[in-house]
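The residues making up each chain are set out below.
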Amino acid sequence: MTAPFPAPATMNDAAEMSGAQIIVQALVDLGVDTVFGYPGGAVLPIYDALFEHPQITHILVRHEQAAAHAAEGYARSTGKPGVVLVTSGPGATNAVTGITDALMDSIPMVVLTGQVPTTLIGTDAFQECDTVGITRHCTKHNYLVMDPARLGPVIHEAFHIATHGRPGPVVIDIPKNVQVATAPYIVPEQIEHRSYRPQVEPDSEAIASALALIASARQPIFYTGGGVINAGPEASTILRELVELTGAPVTSTLMGLGAFPASDEKWLGMLGMHGTYEANMAMNRADLIIAVGARFDDRVTGRLDAFSPHSKKIHIDIDRSSINKIVAADVSVVGDAGRSLAALVAGWKAAGHTRKDLGEWWRRIEGWRATRCLDFPEDKAPEAEIMPQRAVKALYEATRHLDPIITTEVGQHQMWAAQHFGFEEPNRWLTSGGLGTMGYGFPAANGAQVAFPDRLVICIAGEASLQMNIQEMGTCAQYRLPVKIFILNNEWMGMVRQWQELTYESRYSNSYSDSLPDFVKLAEAYGWTGLKVDRLGDLDATIKTMIETPGPVMVDCRVAKLANCFPMIPSGAAHTDMLLQAAEVTGTMDDEAKALV
Amino acid sequence: MKITQQKAERHVLAVTVDNEAGILARIAGLFSARGYNIESLTVADISADHALSRITIVTSGPPAVIDQIIAQLDRLVPVHSVIDLTETGAHVERELALVKVAGTGEKRIEALRMADVFRAKVVDTTLTSFVFEITGTSDKVDSFIALMRECGLVEVGRTGVVAIGRGSEGG
């Protein structure tokens, strides 16, 4: 028997790394340049490994929820996955809101969570929680890695899953002893997943059926969503080409703003609960809806049995489960929004289709546009109070030439921003659509500003939402992030107050923002610049100062306290039953309507 | 205000999944999170290398909900395939039950006679009890158990439905 020639021991030793080193090396190999996180006992080995990798910038947040939202802001503005690093127990549970937000809005994100050592799992150890259990249904996928040799393959697979198909958050839970133990760093040769293979290329027969409908439609409308943004900037370009070829009007969901330029004459504005009259009426009267990367959310459809009753529906979505979930599609196209739009453009040209005469359709749309549904009553005197809509419009006019990135919190200010701020390009509008997370906007702005240090990033906030993650002022100060926060301060949780006015006869239960801080002093306490404006005559000058002041600036813009957001489709109503102004509000609703969110 | 519900139909789904930790929680949790029904669920490893499991789920819901259930299952990362056996046509469904009956005299004789009619096997006996093993469709098992209630039924264990398509084709 011949003894096998012993392999030099150093070869194996050299190939072995600690779990923490494998993690950081994998992040470097995957092109990660920024991690948003907060240290703690169960991730100390990873933080120690990060210390030796200056090519990864770690942004220290002040609360783990903000780490997740900042990663969302980074992802939404760049198109690259956001990366979060938090500790076990409270670190993980604090991140859950941000993770759920990313799931609802299809934001690519990878979250690394520390976990107690494998030997202590299940013993109610200090800072132990069942992270994979808690995050199972608020992630696209999650992992508990019990063997350091699995770290390489799992991290590479996690990035693949987070960014392919319909994007979403992936959690990797890593016990502390797995971070310390050594193993070889295995890079998977092929990323093709054994079971997860989303359909990206649309089926050619479905495209042909869609083209036939588009070519013969007399009242078509494009209804686009966040899927077009997720498909990359080229999807927005090809959408514009297809719209030009067909001559059809375009509306979009909250998540889809920017895919089609707001300055284009074919743009009808956002649709849905606080959408424009023309967009909602056109949806209602259309004979063909071309839904691209949008999911017929309840905020979009209004009362379902009255939703667009006479139209055929083409539904293009990368997630098969989005199709026929709410509204039955006549033609289903499963595929990437960009590739599907490209296939439609190619097919349109190949078939020699020409633009139909949509003159009659456009004449009707012009009639709806003539209602000027976004107009609002306003006193224009310099000493007059500022209407919140005016504040957003002034901000838009003053900054549009700077191509800013806008984030929002959630509520009335968010809807006013969506209505009155025009977006020309994708990835400029970051907002929490699906989950509707108050506290999203400020950390998301920080994430976008980290990605684009030289761009103008503005968080349009409400005074109530902002306070949900206001501790992030410290993060901005630490990294000298020149984020501008523009607070539409009406001293109310405005959307809650609006619903109480509409539905509960103005019984304002707990919706007043009592005991507000002095936002200017608060800004100064963190080394920011604080500005306050409460007269219409000072609005433009204040915005100018905000833009020209280096570093982070907080503007406390005092606006009309009882202004409501119109137009509005009340809960349980159809697109044709929009409230255009306050005079139409009756102050009561039946139980069926009250039961809807 | 009344909460209305649509008419439900019963479907048998065969789901092939990666045999990994937490997979059952992932599937069962999807049903509970989205408010879908589970009438029965069985799971076992089915591949030589223990890499795959087959989960048979009996669910019910309106047709659109059944379509959603399939689409939602299909997009889970560890799910390889979802087959709606009710939709794809002829298939065989079986369930196994162990049924314990105690009694003496005429009831004991009647229990044994019924077991014979249902082709249930006696897998354990004492002077005062039997344990029957019965396989068949859920209806048959239900009927047998109903009869045994009259003959001193003590305890029942059921596997839930497993099912497979008829013919030579694989799923």
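This structure is a prediction, so every number in the text was calculated from the model and none was measured.

Conventions used here
Every chain is numbered independently, its residues counted from 1 as its sequence is written. Written order decides the labels, with chains lettered from A and ligands numbered from 1. Note on the predicted model: pLDDT of at least 70 is required for a residue's local features to be given, and 80 or more for side-chain atom pairs to be given and counted; whole-chain, interface and lining totals, by contrast, use all residues. Heavy atoms from the whole structure form the basis of all side-chain values; hydrogens and water molecules are not counted. Domain extents, as shown, originate in an automatic or database domain assignment. The criterion used for residue contact is that any of the two residues' heavy atoms lie within 4.5 Å. Here the buried area means the combined drop in accessible surface, using a 1.4 Å probe, for two parts upon being joined, counting both sides. Whenever Lys or Arg places a side-chain nitrogen within 4 Å of a carboxyl oxygen from Asp or Glu, that contact is recorded as a salt bridge. Here, strands pair whenever DSSP counts at least two bridges between them. Helix and strand assignments follow DSSP, with helices taken as H or I runs no shorter than four residues and strands as E runs no shorter than two, numbered in order from the N terminus. Axis lines are fitted to C-alpha atoms, over the contacting stretch for helices. Their N-to-C directions set the angle, which ranges from 0 to 180 degrees. With a 1.4 Å probe rolled over the protein chains alone, any residue whose accessible area is under 20% of its type maximum counts as buried; one over 50% counts as exposed, and the rest are partly exposed. Should the near helix be turned anticlockwise from the far one by less than a right angle, the crossing is left-handed, and should it be turned clockwise, the crossing is right-handed. Charged means Asp, Glu, Lys or Arg here, nonpolar means Ala, Val, Leu, Ile, Met, Phe, Trp, Tyr, Cys or Pro, and polar covers whatever is left, Gly included. We define a polar contact as two N or O atoms separated by no more than 3.5 Å, with the added condition that, inside protein, one atom must be a possible hydrogen donor and the other a possible acceptor, whereas residues neighbouring each other in sequence contribute only through side-chain atom pairs.

Undergrad: Tell me what's going on with the domain arrangement of chain B, and back it up with residues and numbers.
TA: Residue and element names in this part refer to chain B. Here chain B is described as being made up of domain 1 (9-88) and domain 2 (91-164). Taking only C-alpha atoms into account, the centre of domain 1 sits 28 Å from that of domain 2. Tallying the contact residues gives 9 residues for domain 1 and 9 residues for domain 2. Carbon and sulfur atoms make up 56% of the area that domain 1 and domain 2 hide from each other, which totals about 650 Å². Of all residues in domain 1, the largest losses of buried area upon contact with domain 2 belong to R10, T42 and L85, amounting jointly to 50% of the total for that side. Where domain 1 touches domain 2, the interface holds 1 salt bridge. One salt bridge in this structure joins E93 and R10, with 2.9 Å as the shortest N-O distance.

Undergrad: Explain the sheet that holds strand 12 (residues 288-292) of chain A residue by residue, including any values.
TA: Residue and element names in this part refer to chain A. Read from one edge of the open sheet, 6 strands run 11-10-9-12-13-14, paired in parallel fashion. The open sheet has two edge strands, strand 11 (267-270) and strand 14 (331-334), and neither has a second partner. When the angles between neighbouring strand axes are averaged without regard to direction, this sheet yields 15 degrees. Two strands pair when backbone bridges link them, and strand 10 (residues 250-252) and strand 11 are joined in this way by 2 bridges, in the parallel orientation. For S252, the partnering residue across the bridge sits in strand 11 and is M270. Lying on the sheet, helix 11 (residues 233-246) is in contact with strand 9 (220-224) and strand 10; it crosses strand 9 at an angle near 170 degrees.

Undergrad: Any chance you could break down the environment of B:L112 for me, citing the residues and the numbers?
TA: Residue and element names in this part refer to chain B. Structurally, L112 can be placed in helix 4 (residues 106-117). The partly exposed category is assigned to L112, whose relative accessible area is 39%. For the pair L112 and V122, spaced 10 residues apart in sequence, the C-alpha separation works out to 8.5 Å. When sequence neighbours within four positions are dropped, the list of residues in contact with L112 reads V122, F130 and F132.

Undergrad: Can you explain the packing of helix 2 (residues 19-29) of chain A against helix 7 (residues 151-163) of chain A? Please cite residues and give values.
TA: Residue and element names in this part refer to chain A. Packing of helix 2 against helix 7 leaves a shortest axis separation of 9 Å and a crossing angle of 35 degrees. Seen along the crossing, helix 2 lies across helix 7 with a hand that is right-handed. In this structure, helix 2 uses G19, I22, I23, A26, L27 and D29 to contact helix 7, whose residues at the interface are L151, G152, I155, H156 and F159. For the contact of helix 2 with helix 7, the per-class residue count stands at 7 nonpolar, 3 polar and 1 charged.

Undergrad: For the interface of chain B and chain A, give the residues involved together with the corresponding values.
TA: Each side of the interface is counted separately: chain B has 18 residues, and chain A has 19 residues. When chain B packs against chain A, close to 1600 Å² is buried across both sides, 51% of that on carbon and sulfur atoms. For the chain B face of the interface with chain A, the top three residues by lost area are B:M1, B:R26 and B:V77, together amounting to 41%. Summed over the shared surface of chain B and chain A, the result is 3 salt bridges. Between A:R320 and B:D74 there is a salt bridge, with its nearest N and O atoms 3.3 Å apart. At the junction of chain B and chain A, the tally comes to 7 residue pairs in polar contact (both at pLDDT 80 or more).

Undergrad: So what's going on with unusual backbone geometry? Which residues, and what values?
TA: All names here are of chain A. Of note, the amide linkage connecting F566 to P567 takes the cis form, showing an omega dihedral of 0 degrees. Take P567: it is sitting in the loop between strand 20 (553-558) and helix 24 (591-594). Phi is positive for R480, which is not a glycine, with a value near 50 degrees. The topology assignment puts R480 in the loop between helix 20 (473-479) and strand 18 (484-489).

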